[in-house]
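Residue-level listing of the chains:
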Amino acid sequence: MTAISTVANIDTRTPTARQVTPLEAITQSATMAGRGLLKIKHNPQHLFDVIVLPIVFTVMFSSIFGGAIAGDVTGYLPILIPGVLVQVALAASVTTGVQLREDMNKGVFDRFRSLPIARIAPLAGSLLADVLRYVVGTTITVIVGVIMGYRPASVVGVVLACVLVVVVAFALSWIFALMGVVMEKASTVQGVSMLVLMPLTFMSNALVPVATMPGWMQAFAGVNPVSHLVSAVREMADGRYGMQIVWSLLGAAVVLIVVAPLTLRVYMRRA
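Given the structure is predicted, the values throughout are model-derived calculations rather than measurements. Residue indices follow the written sequence of each chain, beginning from 1 at its first position. Owing to the predicted nature of the model, reporting of local features is limited to residues with pLDDT of at least 70; listing and counting of side-chain atom pairs is limited to 80 or more, with chain, interface and lining totals taken over all residues. Side-chain metrics in this entry use all non-hydrogen atoms of the structure; hydrogen atoms and water are not considered.

J.: In this structure, what is going on with the confidence of the model for the protein chain? I would like to understand it.
T.: Close reading of the predicted structure is inappropriate where its pLDDT is low. On average, the protein chain scores 84 in pLDDT, and the residues at 70 or more come to 92%. Taking the mean pLDDT of every element in the protein chain, the minimum, 46, falls on helix 1 (residues 2-8) and the maximum, 94, on helix 11 (residues 225-237). As a per-residue quantity, pLDDT reports the predictor's confidence and falls between 0 and 100. In what follows, a contact means two residues having at least one pair of non-hydrogen atoms within 4.5 Å. A low-confidence stretch, residues 1-8 (pLDDT under 50), is modelled with 0 contacts involving residues beyond four sequence positions or located in other chains. Below pLDDT 50 for its whole length, residues 10-17 participates in 0 contacts with residues either more than four positions away or in separate chains. Secondary structure elements follow DSSP: runs of H or I no shorter than four residues count as helices, runs of E no shorter than two count as strands, and numbering proceeds from the N terminus.

Laid out in structure tokens, this is it:
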């Protein structure tokens, strides 16, 4: 009789899931970022684009536009290198979305969802790991530029400019991550992302003076966030710090606040 009573008193209710604290979410995201870094370590080909693109872009664009815009290659480098810094980082952030889609198609994130971790950790960890790619891309760009004769007025300003570019690229990578979550194929993510990125990068002040463009294109370039970021990098390389930096950081913050929760919500619905 006592045994029956004991069994009857057992609480058979399903325990509720423990709420993950913000600190735990940050720690778990860092752990997932470490996993991503290990993946890059075991497959260095993931760094191929951020090593080759800076070299190709710097050499090609300086040879094509240098004489026409500045009279020679060396005189064009202060205009070109900040533009290539931004272009390489943005191109690398597109690859982030493509790789995310590939991982989702392989079922990697389905396994993560079964773990007692913050829902944002796998996504944030994947994007944080790709920060290494942005750092490599910006570093290679500056090195190639220096080899070709680029001499910025402020070394500290260039370092801070690279940090700014990496921060903005991380923020923008959430946009391409959203594309990776929404679209079904990695090739589709690649195609659509490049279709969006091409006008943003080339219809800006990254490679040529805006004054040489048609009127409607000048208007677009004036409000193009890429133009603001490139202008901020050029100012910092000259040792000047103005409102272009503020606008770039503000834009990055808005993207993170709006797009990151939206990406997470869509991911949880579709995964």
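There's plenty left to go through after this.
J.: When you look at the packing of helix 6 (residues 121-129) against helix 7 (residues 131-148) in this model, what are you seeing that I'm missing?
T.: The description of two helices packed together rests on the angle between their axes and the distance between the axes. In contact at an axis separation of 4 Å, helix 6 and helix 7 are set at 15° when each is read in the N-to-C sense. One way to sum up the angle between helix 6 and helix 7 is to call them roughly parallel. Taken together, the residues of helix 7 that come into contact with helix 6 (itself represented by Leu-127, Leu-128 and Ala-129) are Val-131, Leu-132 and Arg-133. The nonpolar class holds Ala, Val, Leu, Ile, Met, Phe, Trp, Tyr, Cys and Pro. Asp, Glu, Lys and Arg form the charged class, and all remaining residues, Gly among them, are polar. Classifying every residue of the contact of helix 6 with helix 7 gives 5 nonpolar, no polar and 1 charged. Throughout, an axis means a line fitted to C-alpha atoms (over the contacting stretch in the case of helices), and angles, computed between N-to-C directions, take values from 0 to 180 degrees. Note on terminology: angles under 35 degrees are roughly parallel, angles over 145 are roughly antiparallel, angles of 65 to 115 are roughly perpendicular, and the others are oblique.

J.: Can you help me understand a nonpolar patch on the surface in this one?
T.: Nonpolar side chains (Val, Leu, Ile, Met, Phe, Trp, Tyr) within 5 Å and like charges within 9 Å form the patches, drawn only from residues with over 30% relative accessible area and no salt bridge. Note on areas: Shrake-Rupley, 1.4 Å probe, and residue coverage restricted to the protein chains presented here. Take a side-chain nitrogen of Lys or Arg and a carboxyl oxygen of Asp or Glu: if they are within 4 Å of each other, that pair is a salt bridge. Together, Met-243, Val-246, Trp-247, Leu-250, Val-254, Ile-257 and Val-258 line one region of the surface with nonpolar side chains, adding up to about 700 Å² of accessible area. Topologically, Trp-247 is positioned in helix 12 (residues 243-270). Here the term buried applies to any residue with accessible area under 20% of the maximum for its type, exposed to any over 50%, and partly exposed to those in between, with areas from a 1.4 Å probe on protein chains only. Among the residues examined, Trp-247 registers a relative accessible area of 48% and is labelled partly exposed.

J.: Got a minute to help me understand helix 3 (residues 48-70) in this structure?
T.: Three or four residues apart is the spacing at which side chains of an α-helix point the same way, because the helix has 3.6 residues per turn. Look at helix 3: 31 Å from first C-alpha to last across 23 residues, which is about the 33 Å you get at 1.5 Å a residue. Of all the bends in helix 3, the greatest, near 40°, is centred on Ser-62. Among the residues of helix 3, those classed as buried are Asp-49, Val-50, Pro-54, Phe-57, Thr-58, Phe-61, Ser-62 and Gly-66. Contact partners of the buried residues in helix 3: helix 4 (73-105), helix 7 and helix 9 (186-202). Gly-71 sits one or two positions beyond helix 3 and adopts a positive phi of about 95°. Helix span is expected to be 1.5 Å times the residue number reduced by one. One axis is fitted to the seven residues ending at the residue and one to the seven starting there. The bend at that residue is the angle between these axes.

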